[in-house]
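Topology and contacts: notes
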Amino acid sequence: MVLKHDESQNNTGQMAMVNCNDKLINQSSTSTPSPSYSYSSMSPFIYVTDDRIEDKPLEKPVKSRVKECYDIEMTGENHTGFPLFFQSNIATIFIPKKVKTHLERFVPNQYLKNIDRDKNIAIEKCLAFVSNLSSTYYADDRFKSLSSTNLDEQSKRGRDNTFVYNHIIKALTYSTNTIEAIIMVKKNKFGNETYQEGVVCKEYGFTDAYFKGDLVEYIIKDKGILQKRNKFFYSQLKKAHDNPIANNLISLYSTIELPSHAEIRLQGKRLTKVNYRTKKGKILTFLNKHPKSYYKDASARSFVEQNIKLFDYLTKRGFMIPIIGTDKSGGRVVDSFTLMPSWIRSLVKIDGKSIVEVDYSALHPNIAMSLYGGLRKYLTHIQVAENSNIDLSNVKIAHLSYFNERVQGMKRSPIYSYYSESEMVMNEAIIKEKQMSLKEYRITSMRMFAKEVEIMTECIKQLNYKGIYVGYVYDSLFCEESDAKLVAEIMNTVVLKFNVFTTAKIG
């Protein structure tokens, strides 16, 4: 089946049973079921790399009321490993067209034998790897970082210590003068791989030959691969259940109502008319059937059509299992809504009511003040902008990366002068920390993420105790408008207990 964009209802046509919050939930649908492959008498979940979308779109968009049934998928986000979606068949993955044919015809047999003696199993392991990158079809960035630990777990042979995934990468990057590889490894401007051991995972993306066209459905047949996927699914589900932020999200999902495509497009038209910019400073733009190359500054734009496809990818078969990040991300949680374009997320409803976001003002700069001996309390982006004579939007963007940069990167930042002059002690403490551990220059942001997660965890615990379940977007929460005041009050009380001086604002 070719994966195409449509406006069909958020309905997989499957029967699913999910044990969530000590309830056994049974959901069925009257729509035509998707083809499935079962390797056991009961296969209640699916583990895939993209959402299934029907070939023929409905004539009219419909609102999707999300029931207490969840989907699972694996995509490979930077700091989270492999995002998953609750599903009803672990065998289905989505891959670019002709990848399987390429592996069968053009990759030398010896490359495949190094992966597995059985050529068919070797090819399926390659396809499973490829499926991790399927989400790049819909994202602004065509590269994804993949954890070597997770790749090893996916592909290893029993208790064999051989790193099979290295052979998979070799097969997928195989090329000649006439044959283009399937994937490539991201390189920096100096032609070197961006990978740093213990710091940054390698980033992979499809080559031009495979970064276009459609995704197609593939049903994995090897029992060994399916068992690994099933095991990984349940391990992630348990982690989500044991994490306060993630468990809160699972409790929230049954109350979520998603916007229709018509509503999203209408909002897109409104925003493009006012030259709306995303949080990363990209201009929201309609492709209007043009290729991205039509725009000379395509990298500075975020396209409505791609945003809608990403929205479908994140929600069409349900929501991701909330994934808890590693220490490098401070344990941040990632789910369908943290990855969703914020302008689309704003259209989501809870129990049929509009939502608002309550977020901290300049949380990370104020966390830095707390951790590294800053002088000022209640620092705002506006204060930095006024003192530095820099546009406010540029300050906000600079703050997204400043504390995560290498020392050289910090010094190139437009806000470096402000911190080196107004917060010299704090700035020097951060620089010294980075210089003492060049390999772990991101230790500053790791510490700040960890403090952020502590704060947000406590906020959510207190809200849950009062029977309020909220959406989570790192340093902000979204909720019904009627709950916003209480959410802000709790956020303001909690943050001060952590000796971080900032305030939460509504909307």
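Residues numbered from 1 in each chain as written. Predicted model: local features only at pLDDT ≥ 70, side-chain atom pairs only at ≥ 80, totals over all residues. Heavy atoms only, no water.

Things to note about helix 6 (residues 223-242)
The line we're drawing: Secondary structure elements follow DSSP: runs of H or I of four or more residues count as helices, runs of E of two or more count as strands, with numbering from the N terminus. A helix is expected to span 1.5 Å multiplied by its residue count minus one. Classification of residues uses two cut-offs on accessible area relative to the type maximum, computed with a 1.4 Å probe and protein chains only: under 20% is buried, over 50% is exposed, and between them is partly exposed. To obtain the arc, one takes the directions from the helix axis to the C-beta atoms. Identification of polar contacts relies on pairs of N or O atoms within 3.5 Å, with a donor-acceptor requirement for protein atoms, meaning one able to donate a hydrogen and the other able to accept it, and with residues adjacent in sequence counted only if both atoms are side-chain atoms.
Over its 20 residues, helix 6 extends 29 Å from the first C-alpha to the last, a length consistent with the 28 Å expected when each residue adds 1.5 Å. Within helix 6, the full set of buried residues consists of Ile225, Leu226, Arg229, Phe232, Phe233, Gln236, Leu237 and Ala240. Considered in projection along helix 6, the buried side chains sweep an arc of 135 degrees and stay on one side of the axis. Seen from the buried face of helix 6, the exposed residues on the opposite side, beyond 90 degrees, are Lys231 and Lys238. The opening residue of helix 6 is aspartate 222, an N-cap whose side-chain oxygen sits 3.2 Å from the backbone nitrogen of glycine 224.

As for unusual backbone geometry
Its identity as a non-glycine residue notwithstanding, lysine 289 has a phi of 70 degrees, on the positive side. Mapped onto the secondary structure, lysine 289 falls in the loop between strand 12 (283-285) and strand 13 (301-303). Residue classification places lysine 289 among the exposed residues on the basis of a relative accessible area of 87%. Although it is not a glycine, asparagine 389 sits at a positive phi angle of roughly 55 degrees. For asparagine 389, the position within the fold is in the loop between helix 12 (381-388) and helix 13 (392-401). According to the relative accessible area criterion, asparagine 389 is exposed, its value standing at 73%.

Digging into the environment of threonine 315
You can see threonine 315 is positioned in helix 9 (residues 304-315). For the pair threonine 315 and leucine 258, spaced 57 residues apart in sequence, the C-alpha to C-alpha distance is 8.6 Å. A polar contact of 2.7 Å, which involves the side chain of threonine 315, links it to the backbone oxygen of phenylalanine 311.

Description of the sheet that holds strand 9 (residues 203-206)
Strand pairs in the sheet, formed through backbone hydrogen bonds, run parallel or antiparallel to each other. Note the threshold: Pairing between two strands requires that DSSP report at least two bridges joining them. Here an angle of 0 to 180 degrees is reported between the N-to-C directions of two axes, which are lines fitted to C-alpha atoms, with helices fitted over the stretch in contact.
An order of 7-9-8 is seen for the three strands of this open sheet, with the pairing classed as antiparallel. A single partner strand is all that each edge strand has here, and the edge strands are strand 7 (143-145) and strand 8 (183-185). Recorded for the sheet is a direction-independent mean angle of 30 degrees between the axes of neighbouring strands.

A look at the packing of aromatic side chains
Stated precisely, the cut-off is as follows: Aromatic pairs are defined between Phe, Tyr and Trp rings, using the six-membered ring for Trp, whenever the two ring centres lie within 6.5 Å; interplanar angles under 30 degrees are classed as stacked, those over 60 as edge-to-face, and all others as tilted.
Counted under the stated rule, the structure contains 19 aromatic pairs. Between phenylalanine 337 and phenylalanine 478, the ring centres sit 5.8 Å apart and the planes meet at 65 degrees, which makes this aromatic pair edge-to-face. Here the residue phenylalanine 337 occupies a position in the loop between strand 16 (333-334) and helix 10 (342-345), and phenylalanine 478 occupies one in strand 20 (residues 476-480), the gap between them amounting to 141 residues. Residue phenylalanine 478 is classed as buried on the basis of its relative accessible area of 0%. Considering the side-chain rings of tyrosine 402 and tyrosine 419, the 5.3 Å spacing of their centres and the 20 degrees angle between planes classify their relative orientation as stacked. Placement of the pair is tyrosine 402 in the loop between helix 13 and helix 14 (407-412) and tyrosine 419 in helix 15 (residues 416-422), with a sequence separation of 17 residues.

What to know about the pattern of salt bridges
In plain terms, the rule: The rule for a salt bridge is simple: a side-chain nitrogen of Lys or Arg has to be within 4 Å of a carboxyl oxygen of Asp or Glu.
Counted according to the given criterion, the structure contains twelve salt bridges. A salt bridge links arginine 301 to aspartate 297; the nearest nitrogen and oxygen atoms lie 2.8 Å apart. Judged by its relative accessible area of 19%, arginine 301 falls in the buried class. Judged by its relative accessible area of 30%, aspartate 297 falls in the partly exposed class. With a closest N to O distance of 2.8 Å, glutamate 357 and arginine 345 form a salt bridge. On the criterion of sequence distance, the pair formed by glutamate 357 in strand 18 (residues 353-360) and arginine 345 in helix 10 is long-range, its members being twelve residues apart. No difference in accessibility class separates glutamate 357 from arginine 345, as the two residues are buried.

Some words on the environment of serine 175
What counts, and what does not: Contact definition: two residues touch when any of their heavy atoms are within 4.5 Å.
Tracing the chain through its elements places serine 175 in the loop between helix 5 (164-172) and strand 8. As a C-alpha pair, serine 175 and valine 107 span 68 residues in sequence and 8.3 Å in three-dimensional space. Non-local contacts of serine 175, meaning those with residues more than four positions away in its chain, are made with Glu180 and Ala181.

A look at helix 9
Taking 1.5 Å as the rise per residue, helix 9 with twelve residues should run 16 Å; its terminal C-alpha atoms sit 16 Å apart, in good agreement. Of the positions making up helix 9, those classed as buried are Val304, Gln306, Asn307, Ile308, Leu310, Phe311, Asp312, Tyr313, Leu314 and Thr315.

Regarding the confidence of the model for the chain
Where we set the bar: Every residue is assigned a pLDDT by the predictor, reflecting its confidence on a scale from 0 to 100.
On average, the chain scores 82 in pLDDT, and the residues at 70 or more come to 79%. pLDDT under 50 marks residues 1-82. Its contacts with residues more than four places away, or in other chains, come to 286 contacts.

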